[in-house]
4 protein chains.
Amino acid sequence: MMAAFTHQLRVYWEDTDAGGVVFYANYLKFFERARTEWLRSLGFEQQSMRRQDGVMFIVSHTDVRYLKPARLDDLLQISVEPRDIGRASMDLFQQARCGERLLAEGQIRIGCVQSSSQLDFKPSRIPAALMAALQAKQP
Amino acid sequence: MMAAFTHQLRVYWEDTDAGGVVFYANYLKFFERARTEWLRSLGFEQQSMRRQDGVMFIVSHTDVRYLKPARLDDLLQISVEPRDIGRASMDLFQQARCGERLLAEGQIRIGCVQSSSQLDFKPSRIPAALMAALQAKQP
Amino acid sequence: MMAAFTHQLRVYWEDTDAGGVVFYANYLKFFERARTEWLRSLGFEQQSMRRQDGVMFIVSHTDVRYLKPARLDDLLQISVEPRDIGRASMDLFQQARCGERLLAEGQIRIGCVQSSSQLDFKPSRIPAALMAALQAKQP
Amino acid sequence: MMAAFTHQLRVYWEDTDAGGVVFYANYLKFFERARTEWLRSLGFEQQSMRRQDGVMFIVSHTDVRYLKPARLDDLLQISVEPRDIGRASMDLFQQARCGERLLAEGQIRIGCVQSSSQLDFKPSRIPAALMAALQAKQP
């Protein structure tokens, strides 16, 4: 099992709704920010991968449970834990916490596609360098 | 089985991302707009329910697959189909289509909570009038 | 003076913040939706203009006052009134109302740019067909 | 003149639109994040001010120019520079930069209102402790 990467972020006005708490759909944004920083921590930038490798990542499945509310000014920890890495897709387990409090968690499936195929995403292999970096993290 | 309610909406700049398509998290917003209009079609407004019945709905689970991309100016049809209605929660099946093209679909679980319980959502029964309206739609 | 075009929209959860009202930055989204529908009412779609004319519109200046709050479930009327139309840009006056209540208003400057010039927007003439449609609306 | 406070942030997918660049309305979000961190740097949290002082800040006027596009993965510096501080409102000058590149800039007017007055914002004096902190920063 791979260790979880953690990204920290603050809850701002833009993230809340009239219920006084973080709008649930925004956890998908928080999860995405953490995945972007996790890729960056492995040495990969999505903009560069698009130019150099001609691939981009799309989200194909999100299965998320929203457990506790978060509020304005809360400082959240968002984790990324790779669970299953295939040739053209990967499953990540992600959690949002505020200290000890588990706010939301779920599985996110990411697909690697040809960045030129904008009308109908065509699967593409995960670039070899990224695959090597992902596997180097495994025990 | 209940018939599906459908809400139509347009894709604007705000809904897209640099991939040139609708940002996947926004399907959760589209699904929410459709649920709000579905409740309205049954005669219920969430703001009024909060004041009169002291309850509000929260989303506790979203399990969504993103199948095809949508683009700027596309006109989408978002459906709501109640699948399982409990005393304090319900499961809805929702789809986003652009004409014949199925873009995204999934199950959304909605919980009914006391609107005063903002720090830790406390379940509450779905108001009787809404429950009656939901059951009247069943065969 | 040209008559104002009006687009109607509903306030959903996604539009509100923890203050219980519409998040002010979202009026810029509402104004944009109205401009898109206004262009459509004149017979122009931005996606098609990008492909056919090689141009797109960018927002270069927004000067907006936020006067009264709007709430969940409110039905808003968003107006678009062209004020000054140049060769490569135009100034529009826009208002957001909820019935008689003026919520926000301001001037939005739109620039027409070459859609290929993504790193540094290069001004481009407003396509002749659109210019003709805009002028036909003037008294 | 007061020195500018600077907040740094990353551009993620959620911030971009189909033009391939940051959606202009999102600069208002970036400016807001920077103001929140600026208040925090002075020792003030908006959630606490709401509870303890019964006041909250609303944005009443934004006058912003969008000069250059920002892209996915760009690291932005957002500044906050108080320009005019009144008893119940203040004008701030804010800029968004990516290194040497000025992306957007403008004036934001913030009003202090009674947090209980949700239907019609009632102006309130800026709390004395915050006023003192603001003045201590002036030359």
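Residues numbered from 1 in each chain as written. Chains lettered and ligands numbered in written order. Predicted model: local features only at pLDDT ≥ 70, side-chain atom pairs only at ≥ 80, totals over all residues. Heavy atoms only, no water.

Considering the packing of aromatic side chains
All names here are of chain B. Stated formally: Note on aromatic pairs: the rings of Phe, Tyr and Trp (six-membered ring only in Trp) are paired at centre separations within 6.5 Å, and the planes decide the class, stacked below 30 degrees, edge-to-face beyond 60, tilted for the rest. Note on conventions: DSSP H or I runs of at least 4 residues are helices, E runs of at least 2 residues are strands, and numbering of each starts at the N terminus. Burial classes: relative accessible area under 20% of the type maximum marks a residue as buried, over 50% as exposed, and values in between as partly exposed (1.4 Å probe, protein chains only).
In this structure the tally under the stated criterion is 16 aromatic pairs over all chains. Their ring planes at 80° and their centres at 5.8 Å tell us that Tyr-27 and Phe-30 sit as a pair that is edge-to-face. Of this pair, Tyr-27 and Phe-30 both sit in helix α1 (residues 26-41), separated by three residues, roughly a single helical turn. Accessibility expressed as a relative area gives 3% for Tyr-27, which makes it buried.

Notes on the relation of the copies chain C and chain A
Quick reminder of the rule: A least-squares fit on C-alpha atoms brings the copies together, and the residues used are those whose pLDDT is at least 70 in both copies. The contact criterion used is simple: two residues touch if any of their non-hydrogen atoms lie within 4.5 Å.
Least-squares fitting of chain C to chain A yields an RMSD of 0.0 Å, with the superposition described by an axial translation of 0.0 Å and a rotation of 180°. The relationship between the two copies is best expressed as a two-fold rotation axis. No C-alpha of chain C approaches the rotation axis more nearly than that of Asp17(C), which lies at 1.9 Å. Both copies present the same face, since 100% of the interface residues in chain C are matched by interface residues at the equivalent positions in chain A.

Let's talk about the interface of chain C and chain A
What counts is decided by this rule: Put simply, buried area is how much 1.4 Å-probe accessible surface two parts lose in total, over both of them, once they are put together. Any Lys or Arg side-chain nitrogen found within 4 Å of a carboxyl oxygen on Asp or Glu counts as a salt bridge. N or O atoms within 3.5 Å of each other form a polar contact, as long as, within protein, one can give a hydrogen and the other can take it, and as long as residues adjacent in sequence are counted only when both atoms are side-chain atoms. Side-chain classes are defined by residue name, with Ala, Val, Leu, Ile, Met, Phe, Trp, Tyr, Cys and Pro counting as nonpolar, Asp, Glu, Lys and Arg as charged, and the others, Gly among them, as polar.
Facing the eight residues of chain C at the interface are eight residues of chain A. Taken together, both faces of the contact between chain C and chain A bury some 670 Å²; the carbon and sulfur share is 77%. At the junction of chain C with chain A, the criterion picks out zero salt bridges. Along the contact surface separating chain C from chain A lie four residue pairs in polar contact (both at pLDDT 80 or more). Grouping the constituent residues of the side of chain C that touches chain A by class yields three nonpolar, three polar and two charged.

Regarding the confidence of the model for chain A
Residue and element names in this part refer to chain A. This is how it is decided: The pLDDT value expresses, per residue, how confident the predictor is, ranging between 0 and 100.
When pLDDT is averaged along chain A, the result is 92; 94% of the residues meet or exceed 70. The element-level mean pLDDT for chain A is lowest in helix α2 (residues 46-52), coming to 88, with strand β1 (residues 5-10) highest at 98. Predicted complex metrics record ipTM = 0.93 and pTM = 0.95.

Overview of the sheet that holds strand β1 (residues 5-10) of chain C
Just so we agree on the cut-off: Each pair of strands is called paired provided DSSP finds at least two bridges between the two strands. Angular values range over 0 to 180 degrees, each being the angle between N-to-C directions of two axes fitted as lines to C-alpha atoms, with helices fitted over their stretch in contact.
A sheet is described by the order of its strands in space; here ten strands give the open sequence β1(C)-β3(C)-β4(C)-β5(C)-β2(C)-β2(D)-β5(D)-β4(D)-β3(D)-β1(D), paired in antiparallel fashion. Bordering the open sheet on either side are β1 of chain C together with β1 (5-10) of chain D, each of which pairs with just one other strand. Averaged over all pairs of adjacent strands, the angle between their axes in this sheet comes to 25°, without regard to strand direction. Relative to strand β3 (residues 75-85) of chain D, β1(D) runs antiparallel, the two being bridged by six bridges. Residue pairing for β3(D): Gln8(D) is matched across the bridge by Gln77(D).

Concerning the relation of the copies chain A and chain B
Mapping chain A onto chain B leaves a residual RMSD of 0.0 Å; the transformation is a rotation of 180° accompanied by 0.0 Å of translation along its axis. Of the residues that chain A buries at the interface, 100% are likewise interface residues in chain B, meaning the two copies contact each other through the same surface.

A short note on unusual backbone geometry
Backbone geometry places Asp73(A), a non-glycine residue, at a positive phi of 75°. Along the chain, Asp73(A) falls in the loop between β2 (55-66) and β3 (75-85).

Side note on the pairing of strand β2 (residues 55-66) of chain D
Burial of β2(D) is extensive: nine of the twelve residues sit out of reach of the surface. Here strand β2 (residues 55-66) of chain C pairs with β2(D) via five bridges, running antiparallel. Following the sheet pairing, His61(C) is matched in β2(D) by Arg65(D).

Examining the interface of chain A and chain B
Between chain A and chain B, the contact holds 29 residues from the first and 29 residues from the second. When chain A packs against chain B, close to 2600 Å² is buried across both sides, 49% of that on carbon and sulfur atoms. The interface formed by chain A and chain B contains zero salt bridges. Elements that contribute at least two residues to the side of chain A that touches chain B include exactly α1 (26-41) and β2 of chain A. Among the elements that line the side of chain A that touches chain B, the one with the most residues is β2(A), at nine residues. Taken together, the residues of the side of chain A that touches chain B break down into 13 nonpolar, six polar and ten charged.

Remarks on the nonpolar core
Counted only if it meets this: Residues enter a nonpolar core if they are buried and are Ala, Val, Leu, Ile, Met, Phe, Trp, Tyr or Cys, with the set joined through side-chain atoms within 4.5 Å.
Among the nonpolar cores identified, the biggest contains 89 residues, and Tyr27(C), Tyr27(D) and Leu76(D) are the most heavily contacted of them. Once residues within four sequence positions are removed from consideration, Tyr27(D) is found in contact with Val22(D), Tyr66(D), Lys68(D), Pro69(D), Ala70(D), Leu76(D), Ala96(D), Leu103(D) and Ala104(D). Ile108(A), Leu130(A), Ile78(B) and Ile110(B) belong to the second largest nonpolar core, which has 88 residues in total.

Here's the deal with helix α1 (residues 26-41) of chain C
Residue and element names in this part refer to chain C. The test is simple: A helix is expected to span 1.5 Å for every residue after the first.
Given a rise of 1.5 Å per residue, 16 residues ought to cover 22 Å, and the 23 Å separating the end C-alpha atoms of α1 matches this to within 8%. Judged by how many residues are buried, α1 sits mostly within the fold: 15 of 16 residues are covered. Count one or two residues on from α1 and you reach Gly-43, which has phi positive near 100°.

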